[in-house]
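Per-entry structural report
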Amino acid sequence: MPGEGSKRQPRPLVAGNWKMFGSAAHLGEARKLIRTVVARRPKCEVAICPPAILLPVLRRIGRSGKISLGGQTCHAAVQGAHTGEISAGMLRDAGARYVILGHSERRADNHETDAAVAAKTLAAWNAGLEPIICIGETAAQNEAGETAQVLERQLRDSIPADATLGDQHPLTIAYEPVWAIGTGKTPTIADIGRLHGQIKDRLADRFGEKGRSIRVLYGGSVKPENARAILATPGVDGALVGGASLKAKDFFAIIGCYV
Ligand code: PGA
């Protein structure tokens with residue numbers, strides 16, 4: 001099994017980020033995926049994060065409870081005059097267990113700052129959701145040799161100051177190099193291992209050794225062809241998958257690395 005041998009191994013998570021996709025055909029793919037997950041029983045948790053409006057539909061399709069659901073963002077407030085927004089409590093009521101926060105597309109398109117991500121994280125915790133906080137450097141930052149500092153800053157400032165990691169503060173991190181998202185490019189396996197190691201070190205600096213048990217997912221062009229090597233890398237506790245999560249066959253080829 002990938003990652004075997006390392007201590008404090010959290011249960012891996014393979015989460016699909018559907019982004020703004022979700023046609024009837026995609027729902028058909030989700031049905032197929034759930035059937036395969038039920039039959040093959042992978043040794044990881046599987047989640048789908050669809051557009052929020054599809055959460056109740058997927059909750060019905062996934063009645064077996066074999067897959068978890070997540071939102072793709074939430075507002076920091078419980079409710080209020082915020083046209084077009086959705087609260088963490090609404091996601092939870094619609095069946096979500098997770099919420100992706102600080103995805104690079106939202107950081108870019110909606111100008112989300114680390115402080116905004118921290119505020120949304122608090123809202124997620126207050127509603128009983130587990131945030132999947134995304135961090136990652138841009139191509140320019142990577143080329144300038146700034147990756148380590150960028151990740152350190154995003155980790156420090158996107159996780160609320162008073163986080164304890166207790167039961168009230170469940171947390172997953174996703175390392176997603178911005179230049180790898182949707183491009184077919186990925187860092188080398190050596191770089192993924194090194195950067196996940198650094199992220200775990202920073203989490204241990206902040207939370208003590210238990211910080212190492214926070215799941216750190218890799219995301220950015222994860223495909224059936226590269227999943228096995230990525231998921232076997234020490235420090236990688238699963239994947240956040242965009243494009244390849246929309247096809248049951250491809251998504252299960254990734255999840256199946258844990259069968
Ligand atoms: P990708 O997207 O797998 O299509 O690169 C990953 C993500 O944006 O979470």
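Residues numbered from 1 in each chain as written. Predicted model: local features only at pLDDT ≥ 70, side-chain atom pairs only at ≥ 80, totals over all residues. Heavy atoms only, no water.

1. Things to note about the environment of R106
- Considering the arrangement of structural elements, one finds R106 in helix α4 (residues 104–109).
- Taking the C-alpha atoms as reference points, R106 and L195, separated by 89 residues in sequence, lie 22 Å from one another.
- Ignoring anything within four residues of it in the chain, the contact list for R106 reads Q72, T73, H111, E112 and K120. (Helix = DSSP H or I, 4+ residues; strand = E, 2+ residues; numbered from the N terminus. Contact = heavy atoms within 4.5 Å.)

2. Thoughts on helix α10 (residues 248–255)
- By the burial criterion, the buried members of α10 are A248, F251, F252, I254 and I255. For α10, the angular spread of the buried residues around the axis is 155°, confining them to a single face.
- Buried residues in α10 make contact with β1 (13–17), α1 (24–40), β2 (45–49), α9 (224–231) and β8 (238–241). (Buried < 20%, exposed > 50% of the residue type's maximum accessible area, 1.4 Å probe, protein only. Arc of directions from axis to C-beta.)

3. Here's the deal with the packing of helix α7 (residues 147–158) against helix α8 (residues 189–207)
- It is at 11 Å that the axes of α7 and α8 come closest, and there the two elements cross at 40°. Taken as axis vectors, α7 and α8 run oblique relative to one another. In the packing of α7 onto α8, the handedness of the crossing is right-handed. On the side of α7, the interface is formed by T147, A148, L151, E152, L155 and R156, while α8 contributes L195, Q198, I199, R202, L203 and R206.
- Partitioned by chemical class, the residues of the contact of α7 with α8 number six nonpolar, two polar and four charged. (Axes fitted to C-alpha atoms, helices over the stretch in contact; angles between N-to-C directions. Parallel < 35°, antiparallel > 145°, perpendicular 65-115°, else oblique. Left-handed = near helix turned anticlockwise from the far one by under 90°. Nonpolar A, V, L, I, M, F, W, Y, C, P; charged D, E, K, R; others polar.)

4. What about the confidence of the model for the chain?
- Here the chain averages 95 in pLDDT, and 97% of its residues register 70 or above.
- Under a pLDDT of 50 for its full length, residues 1–6 has, in the predicted model, eleven contacts with residues more than four places off or in other chains. (pLDDT = per-residue confidence, 0-100.)

5. Observations regarding the pairing of strand β7 (residues 215–219)
- Burial within β7 is extensive, with five of its five residues counted as buried.
- Neither face of β7 is left uncovered, since the one carrying R215, L217 and G219 and the one carrying V216 and Y218 both have all their residues buried.
- Of the strand pairs in this sheet, strand β6 (residues 172–175) and β7 are connected by four bridges, and their pairing is parallel. Note that in β7 the partner of Y175 across the bridge is Y218.
- Read from β6 through α8 to β7, the crossover connection turns out right-handed.
- Handedness of the β7-α9-β8 crossover: right-handed. (Pairing = 2+ DSSP bridges. Right-handed = clockwise from strand over helix to strand, strands pointing away.)

6. Thoughts on the site of the ligand
- If you check the shell around the ligand, you find 13 residues, and the closest are K19, H103, E176, G182 and S221.
- In this structure, an oxygen atom belonging to the ligand sits 3.5 Å away from a side-chain N or O atom of N17.
- S221 is positioned such that a nitrogen or oxygen atom in its backbone is 2.8 Å from an oxygen atom of the ligand.
- Here the residues of the shell around the ligand are counted per class, giving four nonpolar, seven polar and two charged. (Near = heavy atom within 4 Å. Polar contact = N/O pair within 3.5 Å; in protein donor to acceptor, adjacent residues only side chain to side chain.)

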